[in-house]
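Listed below are the residues making up each chain.
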Amino acid sequence: MSGVRKTIAVLHGDGIGPEVTRAAVQILSDCAKAFHHEFIFKEFAFGGDAIDRFGTPLPAETLAGCKAADAVLLGAIGGPKWDSVALDKRPEAGLLKIRKELGLYINLRPIKLRPSLRGISPLKRDRIDDCDMEIVRELAGDIYFGAHEIKGEGKHAKAHDVAEYSAAEVERVARYAFDRAAARNRHVTSVDKANVLATSTLWRQTVNRVAKDYPDITLDHMYVDNAAMQLLLKPAQFDVILCGNMFGDILSDEAAAIAGSIGLIPSFSRGEEGKPALYEPIHGSAPTLAGKDVACPLGAIYSASLMLHNSFGLEIEAQWIESAVDRVLDHGYRTIDIMENGGKLLRSSEFTDHIRAELSDALVHSERYGWGV
Ligand code: IPM
Ligand code: MG
């Protein structure tokens, strides 16, 4: 059987970033070996680590390496060490720049409550049944990319951040959300603050216009404050949530908590078809957990399986990984963030080892699991 050959740019970043990406790279390496693929991992400095070593969060070599790769795997960036630096010199500025430079205007965050993790959702059981949604977040515009300025100091200081959207920017991400919904439960909830903001008014008009091309998809609009509440009251009402950059950032952390832990949620960011997409867990660099071998590697591991599925078209391999994780969770193995009564608490590296053991077990018993390899 002939495999694929892919180059993956790996940006470890800061805090727990290196630990969780290492776990994902191990799993991807297992995958390459088992399915006769060749994955070439190229590591590049990024975020605070790159500031310390090269004076900039996104060195030119890193950007060039990402552009030349088939996909990018990113850990997390930021930390207290760089918190007092000016906004445009911080690790986060590197993240915004790489999103812009790679043309990544869509960010997808799947939020799914796994049956074995029901007990750790902060919501009552009857509320979380069927919690399975995708957040499609616009990633290249909004208040993130307008001018940010602080003038003066102390009592007389003033600041502004400019939010901007063009109809074209809204339309391209809206189309993506409708396309996703067409392959799911055919329902898009568009989130805005159209009762106050001009950008949201344009957002809503544009989404309504795009919706005419998708007669089979039901569309509703929700103000962001209500959306934050509805997520808690009845998460099962959502299928695809479409939102701008700022609202998507906020709502995705809330939705992640409902699904059990922010440590579990992967994401991908993409632009035009055929260009490298970027895969990263949605959690931050969690500096207080770094180096302790306790961080949940699942956000990164699920990001790797998203990569296999979305960038490389390797569906069976992605399934192989996700079902191995399911079995590890079914056996009660847990990292600290997803620990519950009766669970077996493991260090992060032990948890990854259990997944790897399940992966190889599935190969040995490939008939039982139906992998056909
Ligand atoms: C995220 C993060 C980033 C964002 C930060 C680190 C700049 O919170 O990806 O959700 O706000 O987009
Ligand atoms: Mg965020």
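Rules and cut-offs
Residues numbered from 1 in each chain as written. Chains lettered and ligands numbered in written order. Predicted model: local features only at pLDDT ≥ 70, side-chain atom pairs only at ≥ 80, totals over all residues. Heavy atoms only, no water. Helix = DSSP H or I, 4+ residues; strand = E, 2+ residues; numbered from the N terminus. Rg over C-alpha atoms; globule rule 2.2 N^0.38 Å. Buried < 20%, exposed > 50% of the residue type's maximum accessible area, 1.4 Å probe, protein only. Contact = heavy atoms within 4.5 Å. Near = heavy atom within 4 Å. Polar contact = N/O pair within 3.5 Å; in protein donor to acceptor, adjacent residues only side chain to side chain. Areas by Shrake-Rupley, 256 points an atom, 1.4 Å probe, with all protein chains shown as cover. Salt bridge = Lys/Arg side-chain N within 4 Å of Asp/Glu carboxyl O. Pairing = 2+ DSSP bridges. Axes fitted to C-alpha atoms, helices over the stretch in contact; angles between N-to-C directions. 1 Å grid on protein atoms, 1.4 Å probe; cavity = no way out; pocket = protein on both sides within 12 Å on 5 of 7 lines; lining within 4 Å. Points joined across faces, edges and corners; volume = space filled by probe spheres on them. Nonpolar A, V, L, I, M, F, W, Y, C, P; charged D, E, K, R; others polar. Phe/Tyr/Trp six-rings, centres within 6.5 Å; stacked < 30°, edge-to-face > 60°. Lys NZ or Arg CZ within 6 Å of the ring centre and 35° of its normal. Domains from an automatic or database assignment. Buried area = accessible area lost by both parts, 1.4 Å probe.

### Here's the deal with the overall build of the protein chain
Part 1 of the reasoning: Along the protein chain, the regular secondary structure elements total 13 helices and 14 strands.
Part 2 of the reasoning: Taking 373 residues into account, the globule formula puts the C-alpha radius of gyration at 21 Å, and the protein chain, at 21 Å, falls close to it.
Part 3 of the reasoning: Reported as C-alpha extents along the three principal axes, the dimensions of the protein chain are approximately 65 × 50 × 45 Å.
Part 4 of the reasoning: A buried classification covers 52% of the 373 residues belonging to the protein chain.
Part 5 of the reasoning: The long-range fraction of contacts in the protein chain, counting pairs at least 24 apart against all pairs at least 6 apart in sequence, stands at 74%.

### Some points on the site of ligand 1
Part 1 of the reasoning: Taken together, E92, L95, R99, R109, R137, Y144 and D249 form the complete shell of residues around ligand 1.
Part 2 of the reasoning: Within the contact set of ligand 1, an oxygen atom lies 2.5 Å away from a side-chain nitrogen or oxygen of Y144.
Part 3 of the reasoning: Here an oxygen atom of ligand 1 sits 2.8 Å away from a polar atom, N or O, in the side chain of D249.
Part 4 of the reasoning: Surface burial for ligand 1 is 77%, taken as the share of its 320 Å² of free accessible area covered by protein chains.

### A look at the pattern of salt bridges
It is possible for side chains of opposite charge to pair when their charged atoms get near one another.
Part 1 of the reasoning: Using the criterion set out here, one finds 24 salt bridges in the structure.
Part 2 of the reasoning: Across the pair E134 and R180 runs a salt bridge, and its minimum N-O distance is 2.9 Å. Taken together, the positions of E134 in strand β5 (residues 132–138) and R180 in helix α6 (residues 167–182) put the pair 46 residues apart, joining distant regions of the chain.
Part 3 of the reasoning: The exposure class assigned to E134 is buried, which follows from its relative accessible area of 8%.
Part 4 of the reasoning: By relative accessible area, which is 21% here, R180 ends up partly exposed.
Part 5 of the reasoning: Notably, a salt bridge pairs R184 with E134, separated by 3.6 Å at the nearest N-O pair.

### What about the sheet that holds strand β10 (residues 240–243)?
Part 1 of the reasoning: Judged by pairing direction, the sheet is mixed, and its 10 strands sit side by side in the order β2-β1-β3-β12-β11-β4-β5-β10-β8-β9 without closing on themselves. Lying at the two open borders of the sheet, with one neighbouring strand each, are β2 (38–43) and β9 (218–223). Taken pair by pair, the neighbouring strands of this sheet meet at an average axis angle of 25 degrees, ignoring direction.
Part 2 of the reasoning: Sheet topology places strand β11 (residues 268–270) next to strand β12 (residues 277–279); 2 bridges connect them, and they run antiparallel. The residue of β12 that forms the bridge with S269 is L278.
Part 3 of the reasoning: Contacts from helix α7 (residues 198–211) reach β5, β8 (187–192), β9 and β10 within the one sheet, and its direction differs from that of β9 by about 175 degrees.
Part 4 of the reasoning: Helix-sheet contacts for helix α8 (residues 224–233) involve β5, β8, β9 and β10, and the interaxial angle to β9 is about 105 degrees.

### Considerations on the pairing of strand β3 (residues 71–76)
Part 1 of the reasoning: Within β3, 6 of the 6 residues are buried, which leaves it mostly tucked inside the rest of the structure.
Part 2 of the reasoning: Two strands pair when backbone bridges link them, and β3 and β12 are joined in this way by 3 bridges, in the parallel orientation. Bridged to A71 within β12 is A277.

### Thoughts on the layout of surface pockets
Part 1 of the reasoning: Volume-wise, the largest pocket comes out at about 770 Å³.
Part 2 of the reasoning: Lining the largest pocket are 29 residues, and of these E92, L95, L96, R99 and Y144 sit closest to its centre.
Part 3 of the reasoning: For the lining of the largest pocket, the secondary structure elements donating two or more residues are β3, α4 (91–101) and α9 (245–258).
Part 4 of the reasoning: In terms of residue count, α4 provides more of the lining of the largest pocket than any other element does, 5 residues in total.
Part 5 of the reasoning: Here the lining of the largest pocket is built from residues that sort into 13 nonpolar, 6 polar and 10 charged.

### Brief notes about the packing of aromatic side chains
Part 1 of the reasoning: This structure, assessed with the given rule, holds 5 aromatic pairs.
Part 2 of the reasoning: Arranged with centres 5.8 Å apart and planes meeting at 40 degrees, the rings of F39 and F312 form a pair that is tilted. Here the residue F39 occupies a position in strand β2, and F312 occupies one in the loop between α10 (298–310) and α11 (315–330), the gap between them amounting to 273 residues.
Part 3 of the reasoning: When its relative accessible area of 9% is taken as the criterion, F39 is described as buried.
Part 4 of the reasoning: One cation-aromatic arrangement involves K100 over F145; the distance from NZ or CZ to the ring centre is 4.5 Å.
Part 5 of the reasoning: Between the NZ or CZ atom of K344 and the centre of the ring of Y333, over which it lies, the distance is 4.9 Å.

### Here we look at the domain arrangement of the protein chain
Part 1 of the reasoning: Domain parsing of the protein chain yields domain 1 (1–114 + 262–373) and domain 2 (122–259).
Part 2 of the reasoning: Taken together, the 22 residues of domain 1 in the interface contact 25 residues of domain 2.
Part 3 of the reasoning: Sorting the residues of domain 1 by area buried against domain 2 places Y105, I111 and L113 first, and these three jointly supply 32% of that buried surface.
Part 4 of the reasoning: Our enumeration of links across domain 1 and domain 2 arrives at 0 salt bridges.
Part 5 of the reasoning: Taken together, domain 1 and domain 2 are joined by 7 residue pairs in polar contact (both at pLDDT 80 or more).
Part 6 of the reasoning: Among the elements of the structure, α4, β4 (106–112) and β11 are those that each provide at least two residues to the side of domain 1 that touches domain 2.
Part 7 of the reasoning: Considering each element in turn, the side of domain 1 that touches domain 2 owes the most residues, 7 residues, to β4.
Part 8 of the reasoning: Along the lines of polarity and charge, the residues of the side of domain 1 that touches domain 2 split into 14 nonpolar, 3 polar and 5 charged.

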